[in-house]
Number of protein chains: 2
Amino acid sequence: MTQNPRQPGRPRESIDDAVFAATLSAIAEFGYTRATVDRIAATAGVAKTTIYRRWASRGELITAAVVDSFGPMPLDGDDLDELLAQGIRWVAAKIADPGLGAALAGLFADAINDADLREILATRLQAPFLETLAARLDAPETKVRLLMDATVGTLLQRMGITGEPMDAADVDALVGMVRGLVRG
Amino acid sequence: MTQNPRQPGRPRESIDDAVFAATLSAIAEFGYTRATVDRIAATAGVAKTTIYRRWASRGELITAAVVDSFGPMPLDGDDLDELLAQGIRWVAAKIADPGLGAALAGLFADAINDADLREILATRLQAPFLETLAARLDAPETKVRLLMDATVGTLLQRMGITGEPMDAADVDALVGMVRGLVRG
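Residues numbered from 1 in each chain as written. Chains lettered and ligands numbered in written order. Predicted model: local features only at pLDDT ≥ 70, side-chain atom pairs only at ≥ 80, totals over all residues. Heavy atoms only, no water.

By the naming in an unreviewed UniProt entry, chain A goes by AcrR family transcriptional regulator and is assigned to Phytomonospora endophytica.

This is the structure:
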């Protein structure tokens, strides 16, 4: 670390960027459970108090890093099949970024028993995608929710089984599976 | 705890059972990340060394508790659609047991960056189900693997989103989705 952690002139965005990058690289290196806030702070070269001034909990920090890394979903064109294929391939590629798949899988595992974390994930991560997809696909919310859970769940589960992102042939099969769900 | 942790006459199976129950109840209470071996040992009323004599790592212990809790998959009859529906509803019901869904989701999240844990999961948890399903469904292994990842992944993802098991209507939709995958 060449940067001084307490450097007063360092702008807020640059600290956010450094902490987000450190969060995903610590998860890629140590795995979700062992990527503690201590390790993330050390990797980012900032004090632990700097992190907790910005994010109230480890779950909130990791969610913010994931949201920042995803960015908005590209959904171009009007053909339903094409939109679905595009969206699923985009998520599959994002989840393959180092640390991102494990961050997402770990957050959802912890969220099963943590209502506060579920609220953070629902509002900051899921809601924008849910709205965009429901509008573009013109589908009821229950169907869009199942489509999202099936896509993200299958992709993450595959990474847990193989340690690798899903290959292109299986992503194609996943696209076909989700198309059937939307039409059915 | 009324039992003496070092009681010499306590049979091995009863210690295994106590530790497995404590593992899942600690995960249900504290969540996957915070259910440490210290907490599991305290809940089971055994010494931490007793746990590490039996299971080399936290991941190995949690995998053993999950395998014990699942037991063998019931697959009766010869109708392919009926077998699939039966298997998926059985997994959905199991994953709803307190602690079991979060244990499974957390293991697969950590496994993304942990080759040793992936090996443990592949041999002790996944292989028996994979063999049974490939034989009963008379399907190629790539298809059975995708079927398993889609089923388990979707069910776990839904628990992370809602904190609850998937409802019956969505399990029916999942059965339809996976049937399309097997036929396609």
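Past the structure itself, the notes keep going.
Draft legend 1. Representation of helix 4 (residues 58-70) of chain A. Residues and elements named next belong to chain A. With 13 residues, helix 4 ought to run about 18 Å at 1.5 Å a step, and its terminal C-alpha atoms sit 18 Å apart, in line with that. For helix 4, the buried fraction is high: ten of the 13 residues fall into the buried class. Where helix 4 is concerned, the buried positions are Arg58, Gly59, Glu60, Leu61, Ile62, Thr63, Ala65, Val66, Ser69 and Phe70. Positive backbone phi, approximately 65°, marks Gly71, located one or two places after helix 4. (Helix = DSSP H or I, 4+ residues; strand = E, 2+ residues; numbered from the N terminus. Expected span 1.5 Å × (residues − 1). Buried < 20%, exposed > 50% of the residue type's maximum accessible area, 1.4 Å probe, protein only.)

Draft legend 2. Geometry of the UniProt feature "domain: HTH tetR-type" (unreviewed entry) in chain A. Annotation from UniProt places "domain: HTH tetR-type" (unreviewed entry) at residues 13-73 of chain A. For residues 13-73 of chain A, the end-to-end C-alpha separation is 22 Å, with 75% helix and 0% strand making up the annotated structure. (UniProt positions renumbered as here; feature names shortened; annotations may be inferred.)

Draft legend 3. The relation of the copies chain B and chain A, seen in detail. Expressed as a screw operation, the relation of chain B to chain A combines 0.0 Å of axial shift with a rotation of 180°, fitting to an RMSD of 0.0 Å. This pairing of chains is accounted for by a two-fold axis. Closest to the rotation axis within chain B is the C-alpha of Gly153 of chain B, separated from it by 2.0 Å. The overlap is high: 100% of the interface residues of chain B also sit at the interface in chain A, so the same surface is used on both sides. (Least-squares fit on C-alpha atoms with pLDDT ≥ 70 in both. Contact = heavy atoms within 4.5 Å.)

Draft legend 4. Molecular detail of the pattern of salt bridges. Evaluation of the coordinates by the stated rule reveals 20 salt bridges over all chains. Across the pair Lys48 of chain A and Asp38 of chain A runs a salt bridge, and its minimum N-O distance is 3.3 Å. Here the residue Lys48 of chain A occupies a position in helix 3 (residues 48-54), and Asp38 of chain A occupies one in helix 2 (residues 37-44), the gap between them amounting to ten residues. When the shortest N-O distance is used, the salt bridge between Asp170 of chain B and Arg158 of chain B registers 2.8 Å. One end of the pair, Asp170 of chain B, is in helix 9 (residues 168-183); the other, Arg158 of chain B, is in helix 8 (residues 141-162), and twelve residues separate them in sequence. Each member of the pair Asp170 of chain B and Arg158 of chain B is classed as buried. Through salt bridges with shared partners, a single network forms among Asp81, Arg179 and Arg183 of chain A. (Salt bridge = Lys/Arg side-chain N within 4 Å of Asp/Glu carboxyl O.)

Draft legend 5. Expanded view of the interface of chain B and chain A. Facing the 38 residues of chain B at the interface are 38 residues of chain A. For the pair chain B and chain A, the two sides together bury roughly 3400 Å², of which 62% comes from carbon and sulfur. Linking chain B with chain A are two salt bridges, by the criterion used here. A salt bridge links Arg158 of chain A to Asp149 of chain B; its shortest N-O distance comes to 2.5 Å. Taken together, the links from chain B to chain A amount to eight residue pairs in polar contact (both at pLDDT 80 or more). Sorting elements by how many residues they give to the side of chain B that touches chain A places helix 8 of chain B first, with 14 residues. (Buried area = accessible area lost by both parts, 1.4 Å probe. Polar contact = N/O pair within 3.5 Å; in protein donor to acceptor, adjacent residues only side chain to side chain.)

Draft legend 6. Up close: the side chain of Thr33 of chain A. On the secondary structure map, Thr33 of chain A appears in the loop between helix 1 (12-30) and helix 2. At 2.7 Å, the side chain of Thr33 of chain A forms a polar contact with the side chain of Asp110 of chain B.

Draft legend 7. Geometry of the packing of helix 1 of chain A against helix 2 of chain A. Residue and element names in this part refer to chain A. Running from N to C, helix 1 and helix 2 cross one another at 120°; their axes reach a closest spacing of 8 Å. Judged on the interaxial angle alone, helix 2 and helix 1 are oblique. Pair helix 1 / helix 2 crosses with right-handed handedness. Side by side, helix 1 and helix 2 meet where Ala18, Val19, Ala22, Thr23, Ser25, Ala26 and Phe30 of the first sit next to Arg39, Ile40, Thr43 and Ala44 of the second. Along the lines of polarity and charge, the residues of the contact of helix 1 with helix 2 split into seven nonpolar, three polar and one charged. (Axes fitted to C-alpha atoms, helices over the stretch in contact; angles between N-to-C directions. Parallel < 35°, antiparallel > 145°, perpendicular 65-115°, else oblique. Left-handed = near helix turned anticlockwise from the far one by under 90°. Nonpolar A, V, L, I, M, F, W, Y, C, P; charged D, E, K, R; others polar.)

Draft legend 8. Representation of the layout of surface pockets in the model. Looking at the largest pocket, its volume works out to about 380 Å³. In terms of lining residues, the largest pocket is bounded by 17 residues, among which Arg34 of chain A together with Arg58, Gly59, Asp110 and Asp114 of chain B are the most central. Of all the secondary-structure elements, those providing two or more residues to the lining of the largest pocket are helix 4 (58-70) and helix 7 (115-137) of chain B. Counted by class, the lining of the largest pocket contains six nonpolar, five polar and six charged residues. In this structure, the second largest pocket spans a volume of roughly 320 Å³. (1 Å grid on protein atoms, 1.4 Å probe; cavity = no way out; pocket = protein on both sides within 12 Å on 5 of 7 lines; lining within 4 Å. Points joined across faces, edges and corners; volume = space filled by probe spheres on them.)

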